[in-house]
Amino acid sequence: MSSQTATVIATYSRRMGLRLDDSNEVDARIKGKRLKPVCGDRVQVEPIDNESDWLITEIDTRRNELTRPNMRGQVEVLAANLDALVVVAAVAPMPDWFIIDRYLCAAELMDADAIVVFNKIELLDGLDIEIPELQEYRDIGLVVLECSAETRRGIDELRSELAGRCTIVVGQSGVGKSSLINELVADSNQRTARISAKTGEGRHTTVNSVMIPLQNGGTVIDSPGVRDYAPALENSVDAAAGFREIAFAAQSCRFANCRHLREPGCAVKAGVDDESISYRRYESFKRVVNITEKLSEGRY
Ligand SMILES: Nc1nc2c(ncn2[C@@H]2O[C@H](COP(=O)(O)OP(=O)(O)OP(=O)(O)O)[C@@H](O)[C@H]2O)c(=O)[nH]1
Ligand SMILES: [Mg+2]
Ligand SMILES: [Zn+2]
């Protein structure tokens, strides 16, 4: 039986939703225990005789992976082949900017673009509140959008950022990832097929990653919210590469192996002192170094 190529568009533990290249959507099982396909994967599939399920026999080489270390310190892949990460924070629940930084770090290291979305902005209407962290992100050249899934503010801008690209929407639970995606696809039939199931409390909590096609080309992956996130880094040197302004300043450190902590002639520390580098981002960088060192010693 000759195989064909498909894209993984939904993951339910060991069952997968696939889009075949003729755009039919089918369900699939996985051959063997070794393969662990994720949303965004391109896979080789075969039909199974007398069954509606297809069989995934192989995962094509990934262009990149969004990873995290799991509880046992192993690398878990969350999604693959991504052009960009949309990192969502909101007026409520209270943002943990360190988590945002760690997603941005992951995006840098996997060579994906990052877009910061600050949602539920209408809750600040009439209040004179500035969010300094958003300015920090703009200062390092990131696209920052202030959005409201409620009033649809910023939705058109977000849609044009996503056009023609494969993007994943990530962030803490309850920030409005699924609501934003619902607004992005609001003009299509997708809106009726609500992408997350209602729980007993009347909340929609996403439990599986699902890839949704956009009308103007491209796809967006809705992902379950997290309590915490850290990228799975090879070593703490990678941490600097994940903070673009630190990586840039580091080129001018006196020592090539500078760790940017207490070394003399450290251009990163100098940048923090003259405030060209945000102190908060520098602290965030040091936390990533710490997490990475603990992970490599199995202590996280
Ligand atoms: N006021 C306001 N509420 C919003 C907005 N966007 C989403 N919400 C509400 O925030 C809650 C959480 O929204 P979801 O879209 O389910 O959040 P999520 O990020 O997908 O959450 P998880 O799937 O658990 O990760 C819901 O009650 C939404 O109605 C917004 O722009 N403004
Ligand atoms: Mg959701
Ligand atoms: Zn340095």
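Scroll up a little and you will see the structure.
Computed from a prediction, not measured in an experiment: that's the story for all the values here.

Draft legend 1. Here's a closer look at the coordination of the magnesium ion (ligand 2). Listed as protein donors to the magnesium ion (ligand 2) are Ser178 (OG) and Thr206 (OG1); their distances from the metal cover 2.0 to 2.2 Å. You can see Ser178 sitting in helix H4 (residues 177-184) and its partner Thr206 sitting in the loop between H4 and strand S12 (210-213), a full 28 residues away along the chain. Both residues of the pair, Ser178 and Thr206, belong to the buried class.

Draft legend 2. Region of the structure containing the layout of surface pockets. Here the largest pocket is characterised by a volume of approximately 1200 Å³. Along the walls of the largest pocket sit 41 residues, with Arg68, Asn70, Glu76, Val77 and Leu78 positioned nearest its centre. Mapped onto the lining of the largest pocket, the elements with two or more residues apiece are strand S1 (4-12), strand S6 (65-69), strand S7 (75-80) and strand S11 (166-171). With four residues, S7 is the largest single contributor of residues to the lining of the largest pocket. When grouped by side-chain class, the residues that make up the lining of the largest pocket number 22 nonpolar, 11 polar and eight charged. Mapping the lining of the largest pocket onto the domain boundaries places at least three of its residues in each of domain 1 (4-59) and domain 2 (65-222).

Draft legend 3. View of the packing of helix H3 (residues 155-162) against H4. Their axes nearest at 10 Å, the elements H3 and H4 cross at an angle of 85°. As the angle between them shows, H3 and H4 are arranged roughly perpendicular. Across the interface between the two elements, Ile155, Leu158, Arg159 and Leu162 from H3 touch Leu180, Glu183 and Leu184 from H4. Here the contact of H3 with H4 is composed, by residue class, of five nonpolar, no polar and two charged.

Basis of the calculations
Residues numbered from 1 in each chain as written. Chains lettered and ligands numbered in written order. Predicted model: local features only at pLDDT ≥ 70, side-chain atom pairs only at ≥ 80, totals over all residues. Heavy atoms only, no water. Donors = N, O, S within 2.8 Å, 3.2 Å for Na, K, Ca; no water. Helix = DSSP H or I, 4+ residues; strand = E, 2+ residues; numbered from the N terminus. Buried < 20%, exposed > 50% of the residue type's maximum accessible area, 1.4 Å probe, protein only. 1 Å grid on protein atoms, 1.4 Å probe; cavity = no way out; pocket = protein on both sides within 12 Å on 5 of 7 lines; lining within 4 Å. Points joined across faces, edges and corners; volume = space filled by probe spheres on them. Nonpolar A, V, L, I, M, F, W, Y, C, P; charged D, E, K, R; others polar. Domains from an automatic or database assignment. Axes fitted to C-alpha atoms, helices over the stretch in contact; angles between N-to-C directions. Parallel < 35°, antiparallel > 145°, perpendicular 65-115°, else oblique. Contact = heavy atoms within 4.5 Å.

Function cannot be read off these values alone, since they describe shape.
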